[in-house]
Structures are given as structure tokens and as C-alpha cells.
Amino acid sequence: MIPRDPGADHLDDVLSAYLDDELAPAARHEAEAHLAACAGCRAELDEVSAARRAIRILPVHAARRPLVGTESGGLPGTPGVPRPPSRRRAVWALAAAVAAAIAFLLPRDPEVAPSLPSLADSHAARASITGDPLTQLAPIAVPVRFGP
Amino acid sequence: MTGEVPTWEEVARTHGRFLYNVAYRLAGNDDDAYDLVQEALLRVRKGLETYQPGSMEGWLSRIVTNVFLDEVRRKRRRPVEVMPDDPERLLPSTPGADERTDGFSDDVQSALHHLPEEFRTAVVLCDVVGLSYEEIADAIAVPVGTVRSRIHRGRRLLRTALQ
């Protein structure tokens with residue numbers, strides 16, 4: 001971009017309005033007179049014109065899935081037509097499912113929950129049979145032998 | 001179409017491609033664009049009763065833009081990252097790993113996506129939809145002078161990003 005004289009008045013956003021034919025005739029004539037004398041504004045006009053053209057020649061981006069239900073022909077969210085899950089709704093649904101699973105797995109009544117000592121005893125019993133003789137810890141996986 | 005006012009099915013069938021393209025240019029990715037279109041179609045269905053026959057694409061672009069801006073405002077109320085003060089800093093010097101850079105259109109789309117939302121919205125409504133400054137001002141409820149400034153600054157940022 002060509003540096004412009006900072007002390008002078010320049011067209012700035014008038015340049016875009018000029019490109020978009022959004023100026024009244026008098027303002028357009030003023031802009032053209034300024035452009036004829038100001039190399040900096042002519043350079044900026046070229047810059048914003050290139051950006052404007054780049055957007056305008058973008059191809060239409062097509063959807064990768066149907067926008068409306070194809071089986072019923074109904075609009076998602078309308079009565080009788082289930083709305084397909086958006087990502088946000090899907091996240092909430094997943095969070096709700098996880099919460100429900102946790103609630104299901106957690107003991108509902110502390111009195112019927114297995115006590116920690118009984119679990120420790122059970123673990124120690126297994127460790128005494130199958131565990132490491134030094135740590136007394138049960139193996140976490142059965143060793144698998146690969147190859148011949 | 002039946003009479004002057006189309007049904008929403010006719011709107012979706014006739015203008016769905018246009019609506020999705022605008023949503024994609026605003027949102028920057030297919031998943032968010034799909035969500036925007038879904039919400040926009042719901043608003044279309046509710047609004048058709050009061051729709052005044054005129055520029056259907058202008059009306060649709062206003063609806064999807066408002067859906068997009070509502071989503072932007074919602075995210076700003078619950079920000080996930082701190083936005084830098086200087087919009088110039090939003091422009092990446094190199095494309096992210098998840099960004100397609102296999103062509104000019106992808107580069108332009110990436111640069112567009114990294115514009116601040118207010119600049120992107122003005123540029124999309126002007127250069128993708130083809131609305132006048134007055135129509136854009138009406139759509140996003142800002143003065144025409146603000147529209148002009150946002151379009152120009154958006155284009156300058158785009159040009160900088162594409163060089």
C-alpha cells in the first residue's frame with residue numbers, strides 16, 4: 001500500500017462507497033477529482049477493489065446435507081417433525097446422558113453402598129493369590145505373550 | 001407458488017441454496033451454517049404470516065443475519081476466549097492447521113472468517129448478498145455511515161490478509 005500524506009484529507013471509506021455506487025453525483029465528482037490528484041488514494045482504491053472482487057467471485061457454497069427433512073418434507077422443529085440435533089443440542093444431550101449414567105451408577109442409598117474396607121479386603125485377598133509378592137498389588141492385566 | 005406469499009416449504013426449496021451460502025459466509029463453517037439455516041427457517045415459518053411481498057432474498061438475508069448476530073451476542077455474554085483489542089491482530093499470519101488452503105476461494109473464505117463479526121457481516125451483506133448500504137443499515141440497525149466504514153475497513157483487512 002502506498003503511504004499517503006498524513007496531513008491531507010483522504011477519501012478513506014468514501015472509496016468503498018465510490019466502488020459500490022453509493023455516492024450522490026456531487027460527492028462522486030469530488031471523489032474523482034481527489035483520485036486524479038492523489039496517488040495514495042488511487043492505490044488504496046485498487047486495494048479495496050481487489051478485496052471486493054475477491055468476495056464477489058466466491059462460488060456459492062452448497063450444503064452438504066439436506067436443509068429440511070426429506071422423508072416428511074416438514075420443517076425441523078414444527079409440530080410432528082422432529083428437529084435434527086444441532087451440535088449445541090447434541091452436546092447438551094450427551095451431557096444429560098452422561099449425568100444420567102453417573103446418577104444410575106452412583107449408590108442411591110449410602111446404607112447399601114459397599115464399604116471401602118470390604119473392597120480393600122477383597123482386593124487384598126486376590127492380591128495374596130495373584131498379586132506381586134512385594135507390593136501385594138493385584139495385576140491390572142493378564143500378561144499376553146506375542147509370537148511363537 | 002400459491003398467491004403472493006409463499007409457503008415455508010417453497011421458500012426452503014427455492015431459496016435454500018442462497019440462504020445456506022449466506023449463512024456459510026457469515027459463520028465460516030458448515031456445522032454452524034447448518035444451525036443458522038435451521039433457526040432461520042423456523043423464523044421464516046413464524047414470519048411468513050406478516051411477510052410483505054418484496055425482495056425475498058433481502059428478507060431472508062436479514063433473518064439469517066439476525067440469527068447470526070444473536071449467536072454472536074450469546075457467545076460474547078459467555079466468552080470462551082479473550083478477543084484482542086486491535087482487529088488487525090485477528091488476521092492470522094499463517095493459516096491454521098484445520099483450515100483448507102487448497103485454492104484461492106479457501107484463502108478468501110479463511111480471511112473473511114477471521115474478520116471481526118461486525119466487519120464480516122457488513123461485507124457479506126454488501127458483496128455476497130448485494131444489499132445497498134441503506135438496506136444493510138436497516139438490517140443490522142446501525143447508521144449508513146457506520147455501514148460504509150465497516151465495509152471499507154473489512155475490505156482493507158481482507159486485502160491485507162490476502163497479500
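All of these numbers come straight from a predicted model, not from anything done at the bench.

A. Representation of the overall build of chain B within the structure. Scanning chain B from terminus to terminus reveals 7 helices and 0 strands. Counting from the amino terminus, helix and strand elements in chain B follow one another as α-α-α-α-α-α-α. Expressed as a percentage of its 163 residues, the buried residues of chain B come to 50%. For chain B, the share of sequence-separated contacts (at least 6 apart) that also reach a separation of at least 24 residues comes to 64%.

B. Representation of the nonpolar core. All names here are of chain B. Ranked by size, the top nonpolar core spans 67 residues in total, and within it V44, W59, L60, V64, I136 and L158 carry the most contacts. Top element by residues in this core is helix α1 (residues 8–27). It accounts for 11 residues. Among all residues touching I136, those that are not within four sequence positions of it are A122, L125, C126, L131, V147 and I151.

C. Main features of the pattern of salt bridges. Under the criterion given, the structure shown has 19 salt bridges over all chains. Between R52 of chain A and D20 of chain A there is a salt bridge; the shortest N-O distance is 2.7 Å. In this pair, R52 of chain A sits in helix α3 (residues 39–56) while D20 of chain A sits in the loop between α1 (13–19) and α2 (25–37), placing the two residues 32 residues apart along the sequence. The class for D20 of chain A is buried, based on a relative accessible area of 12%. Note that R156 of chain B and E44 of chain A form a salt bridge whose closest N and O atoms lie 3.5 Å from each other. Of this pair, R156 of chain B sits in helix α7 (residues 144–162) while E44 of chain A sits in helix α3, on two different chains. Given a relative accessible area of 30%, R156 of chain B falls into the partly exposed group. In the salt-bridge network here, residues are joined through shared partners; they are D20, R52 and R56 of chain A together with D127 and R155 of chain B.

D. The state of the cysteines, seen in detail. Residue and element names in this part refer to chain A. Applying the stated criterion to the full structure yields 0 disulfides over all chains. The closest cysteine sulfur to the non-disulfide-bonded C41 is located on C38, 3.7 Å from its own sulfur. Of the residues examined, C41 reaches a relative accessible area of 0% and is grouped as buried.

E. Structural context of the confidence of the model for chain A. All names here are of chain A. Summary statistics for chain A give a mean pLDDT of 70 and a share of 43% for residues scoring 70 or more. Ranking the elements of chain A by mean pLDDT puts helix α5 (residues 116–130) last with 48 and α1 first with 97. In the model, residues 109–120 has pLDDT below 50 throughout and makes 1 contact with residues more than four positions away in sequence or in other chains. Throughout residues 123–130 the model reports pLDDT below 50, and contacts reaching past four residues in sequence, or to other chains, amount to 8 contacts.

F. Main features of the environment of C41 of chain A. With respect to the element layout, C41 of chain A can be found in helix α3. Separated by 26 residues in sequence, C41 of chain A and L15 of chain A have C-alpha atoms that sit 8.0 Å apart.

G. Structural context of the interface of chain B and chain A. Taken together, the contacts link 45 residues of chain B with 43 residues of chain A. Interface of chain B and chain A: buried area, both sides summed, is about 3900 Å²; carbon and sulfur atoms make up 57% of it. Looking at the side of chain B facing chain A, the largest losses of area belong to Y34, H152 and R155 of chain B, adding up to 16% of the total buried there. The tally of links from chain B across to chain A stands at 7 salt bridges. Residue D20 of chain A pairs with R155 of chain B through a salt bridge whose shortest N-O separation is 3.0 Å. Inspection of the chain B/chain A interface yields 19 residue pairs in polar contact (both at pLDDT 80 or more). Looking at the side of chain B that touches chain A, the elements with two or more residues in it are α1, α2 (30–47), α3 (56–77), α4 (104–113), α5 (117–129) and α7 of chain B. For the side of chain B that touches chain A, the element with the highest residue contribution is α2 of chain B, accounting for 11 residues. When its residues are assigned to classes, the side of chain B that touches chain A shows 18 nonpolar, 10 polar and 17 charged.

Conventions we followed
Residues numbered from 1 in each chain as written. Chains lettered and ligands numbered in written order. Predicted model: local features only at pLDDT ≥ 70, side-chain atom pairs only at ≥ 80, totals over all residues. Heavy atoms only, no water. Helix = DSSP H or I, 4+ residues; strand = E, 2+ residues; numbered from the N terminus. Buried < 20%, exposed > 50% of the residue type's maximum accessible area, 1.4 Å probe, protein only. Contact = heavy atoms within 4.5 Å. Core = buried A, V, L, I, M, F, W, Y, C linked by side-chain atoms within 4.5 Å. Salt bridge = Lys/Arg side-chain N within 4 Å of Asp/Glu carboxyl O. Disulfide = S-S within 2.5 Å. pLDDT = per-residue confidence, 0-100. Buried area = accessible area lost by both parts, 1.4 Å probe. Polar contact = N/O pair within 3.5 Å; in protein donor to acceptor, adjacent residues only side chain to side chain. Nonpolar A, V, L, I, M, F, W, Y, C, P; charged D, E, K, R; others polar.

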